[in-house]
Amino acid sequence: MTAPSLANAQRLVIKIGSALVVDEKHAAPRAAWLDSVAADIRALRDRGVDVIVVSSGAIALARRTLRLTQKRLRLEEKQAAAAVGQIQLAQAWSHALSARGLTAAQLLLTLDDTEDRRRYLNARSTLNTLLGLNCIPVINENDTVATAEIRFGDNDRLAARVAEMMQADQLVLLSDIDGLYTADPRRDPDAKHLPIVEAVTPAIEAMGGEPPPGYSSGGMRTKLVAARIATQAGCAMAIAIGKVERPLLALEQGARCTWFLPTPEGRSSRKRWIAGSLSPQGALTVDQGAARALAKGGSLLPAGVRAVEGSFGRGDPVTILGPDGSVLGHGLSAYASTEAERIAGHRSDEIEAILGWRGRDELVHRDDLVLG
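Residues numbered from 1 in each chain as written. Predicted model: local features only at pLDDT ≥ 70, side-chain atom pairs only at ≥ 80, totals over all residues. Heavy atoms only, no water.

Some words on the overall build of the chain
Move 1: Summing up its helical and strand segments, the chain has 13 helices and 17 strands in all.
Move 2: Whereas a compact globule of 372 residues would reach a radius of gyration of roughly 21 Å, the chain reaches 22 Å, a difference of no more than 12%.
Move 3: Oriented by its inertia axes, the alpha-carbon framework of the chain measures out at about 70 × 45 × 40 Å.
Move 4: Out of the 372 residues belonging to the chain, those deemed buried represent 52%.
Move 5: Pairs at least 24 apart in sequence give 73% of the contacts found in the chain among residues at least 6 apart. (Helix = DSSP H or I, 4+ residues; strand = E, 2+ residues; numbered from the N terminus. Rg over C-alpha atoms; globule rule 2.2 N^0.38 Å. Buried < 20%, exposed > 50% of the residue type's maximum accessible area, 1.4 Å probe, protein only. Contact = heavy atoms within 4.5 Å.)

Pasting the structure below:
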């Protein structure tokens, strides 16, 4: 059983917790360490790897500024701290990445942004565009508008959702521990390190301990939840030590960690969801040329659409019909029905002139399309 390697990554999501980003004693960014991570990201980009960063630390950075030094904060205090600290966090990442010739881009997301279909499409489109422009997206949870209790410093699940949404092949959770153990190594000297986990079973989940003290409160439990999300989406995940210089280089060179292997059917799970779990809100009838392009694995472009039926919104499921009315497949529309009707039969480069704004070139992207 061979462990994955960062050397083979094509699209990588890196999650970094508050305890790594923030110097707890001074409540300030760990500038030298961030610079070393930026050096790792530069090396990855130089060999063509897409890199997305999910970074905690906003609330932790603002605590001292706002004199919120008590151990537990009220929800409104967390929201206020996030509003202040997010500026500091973004500045820290922008400074570190720009010193390496990289452009940072800030996105504030919630889990709902990765689950609601319309918001999902918006977030994915923005991230893909940023990656295409050679930017490094730096994502944090949008804590300032949270309406439920915020788990202080826990972005593990959000990182897994981003990896799922962006079809990343690897997710790395940089932590204060070098992987998963059979028990809490801080309490049990006989705890054994697990270098590879083939599947996130109930027995594996039971190994998650209590959250550690300090700024980081996710702990191993949320990392195992993240592992289940990521591996079921076909993404390998590693828990690796972060408190070293060049932590990603160290991981690539064989530093001890735990790799969670992707499930064999992971890449097709979302396609099965599209094919069988959605109730179509409309239909798109395509011409013969579009039907042939779809059969070869292409996306559905507006030029190939001859008729639009039903009333649907952006991100809603639609049925794809052939010229004879037969069902070719199902997918998620990148445009609402009123917009689809206007651009149907037109080239993608005409979309902006027709709608007054430029959306996606595809009416249904191949990643959101299932034939049969």
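And the narrative resumes.
Quick word on the confidence of the model for the chain
Move 1: In this model, the chain carries a mean pLDDT of 89, and residues with pLDDT of at least 70 account for 92%.
Move 2: Here residues 149-153 is modelled with pLDDT under 50, and outside its nearest four sequence neighbours on either side it reaches 22 contacts, counting other chains as well.
Move 3: This model gives residues 211-217 a pLDDT under 50, and the stretch forms 22 contacts once residues within four places in sequence are excluded. (pLDDT = per-residue confidence, 0-100.)

A closer look at the sheet that holds strand β5 (residues 103-109)
Move 1: Pairing is mixed across the open sheet formed by 8 strands, whose spatial order is β5-β6-β4-β1-β7-β11-β12-β10. At either margin of the open sheet sits one strand with a lone partner, and together these are β5 and β10 (196-197).
Move 2: Bridge count for strand β7 (residues 170-175) against strand β11 (residues 236-241) is 6 bridges, and the pairing is parallel. Residue pairing in the sheet places leucine 173 in a bridge with isoleucine 239 of β11.
Move 3: This element, helix α2 (residues 31-46), spans β1 (11-16), β4 (50-55), β6 (135-141) and β7 of the sheet and lies at about 155° to β4. (Pairing = 2+ DSSP bridges. Axes fitted to C-alpha atoms, helices over the stretch in contact; angles between N-to-C directions.)

Describing the packing of α2 against helix α4 (residues 75-98)
Move 1: Packing of α2 against α4 leaves a shortest axis separation of 8 Å and a crossing angle of 55°. Considering the angle they form, α2 stands oblique to α4. Once α2 is placed against α4, the crossing between them reads as right-handed. Residue-level contacts link Leu34, Asp35, Val37, Ala38 and Ile41 of α2 to Ala92, Trp93, Ala96 and Leu97 of α4.
Move 2: Class assignment of the residues belonging to the contact of α2 with α4 gives a composition of 8 nonpolar, no polar and 1 charged. (Parallel < 35°, antiparallel > 145°, perpendicular 65-115°, else oblique. Left-handed = near helix turned anticlockwise from the far one by under 90°. Nonpolar A, V, L, I, M, F, W, Y, C, P; charged D, E, K, R; others polar.)

What about the pattern of salt bridges?
Move 1: Per the counting criterion, the structure on display carries 20 salt bridges.
Move 2: Between glutamate 252 and arginine 47 there is a salt bridge, and its shortest N-O distance comes to 3.0 Å. You can see glutamate 252 sitting in helix α9 (residues 247-252) and its partner arginine 47 sitting in the loop between α2 and β4, a full 205 residues away along the chain.
Move 3: For glutamate 252, a relative accessible area of 27% puts it in the partly exposed group.
Move 4: Note that aspartate 368 is salt-bridged to arginine 124, the shortest N-O span being 2.5 Å. Placement of aspartate 368 in the loop between α13 (351-355) and β17 (369-371) and of arginine 124 in helix α5 (residues 117-132) is noted, with a sequence separation of 244 residues between them. (Salt bridge = Lys/Arg side-chain N within 4 Å of Asp/Glu carboxyl O.)

Focus: the packing of helix α6 (residues 156-165) against helix α8 (residues 219-232)
Move 1: Interhelical geometry of α6 versus α8 gives an angle of 10° and a closest axis separation of 8 Å. If you check the angle between α6 and α8, you find them roughly parallel. With respect to the hand of their crossing, α6 and α8 are arranged in right-handed fashion. Here Asp156, Arg157, Ala160, Arg161 and Glu164 of α6 come into contact with α8, specifically with Gly219, Thr222, Lys223, Val225, Ala226, Ile229 and Ala230.
Move 2: Across the contact of α6 with α8, the residue classes tally to 5 nonpolar, 2 polar and 5 charged.

Things to note about the sheet that holds strand β15 (residues 317-321)
Move 1: Taking strand neighbours across the sheet as the criterion, the 5 strands line up as β14-β13-β15-β16-β17 in an open arrangement whose pairing is mixed. If you trace the sheet from one side to the other, it starts and ends with β14 (305-310) and β17, each paired once. Within this sheet the neighbouring strands show an average axis-to-axis angle of 20°, counted without direction.
Move 2: In this structure, strand β13 (residues 282-286) lies alongside β15, joined through 4 bridges in parallel fashion. By the bridge assignment, glycine 282 is partnered in β15 with valine 318.

Points about empty space enclosed by the protein
Move 1: The tally for this structure, following the rule as stated, stands at 2 cavities of 30 Å³ or more.
Move 2: There is about 30 Å³ of room inside the second largest cavity.
Move 3: What lines the second largest cavity is simply Ala82, Gln86, Leu108, Glu141, Asn142, Asp143 and Thr144.
Move 4: In the lining of the second largest cavity, the residues fall into 2 nonpolar, 3 polar and 2 charged. (1 Å grid on protein atoms, 1.4 Å probe; cavity = no way out; pocket = protein on both sides within 12 Å on 5 of 7 lines; lining within 4 Å. Points joined across faces, edges and corners; volume = space filled by probe spheres on them.)

A look at the nonpolar core
Move 1: Among the nonpolar cores identified, the biggest contains 39 residues, and Val13, Ile139, Val162, Leu171, Leu180, Met237 and Phe260 are the most heavily contacted of them.
Move 2: Within the residue set of this core, elements represented by two or more residues are β4, β5, α5, β6, α6, β7, α8 and β11.
Move 3: Each residue touching leucine 180, except ones within four places of it in the same chain, is listed here: Lys192, His193, Leu194, Val197, Ile204, Met207, Met220, Leu224, Thr258 and Phe260. (Core = buried A, V, L, I, M, F, W, Y, C linked by side-chain atoms within 4.5 Å.)

Some thoughts on the pairing of β11
Move 1: Burial of β11 is extensive: 5 of the 6 residues sit out of reach of the surface.
Move 2: Strand direction decides the pairing type here: β11 and strand β12 (residues 257-260), joined by 4 bridges, are antiparallel. Bridge pairing in β12 places alanine 238 opposite tryptophan 259.

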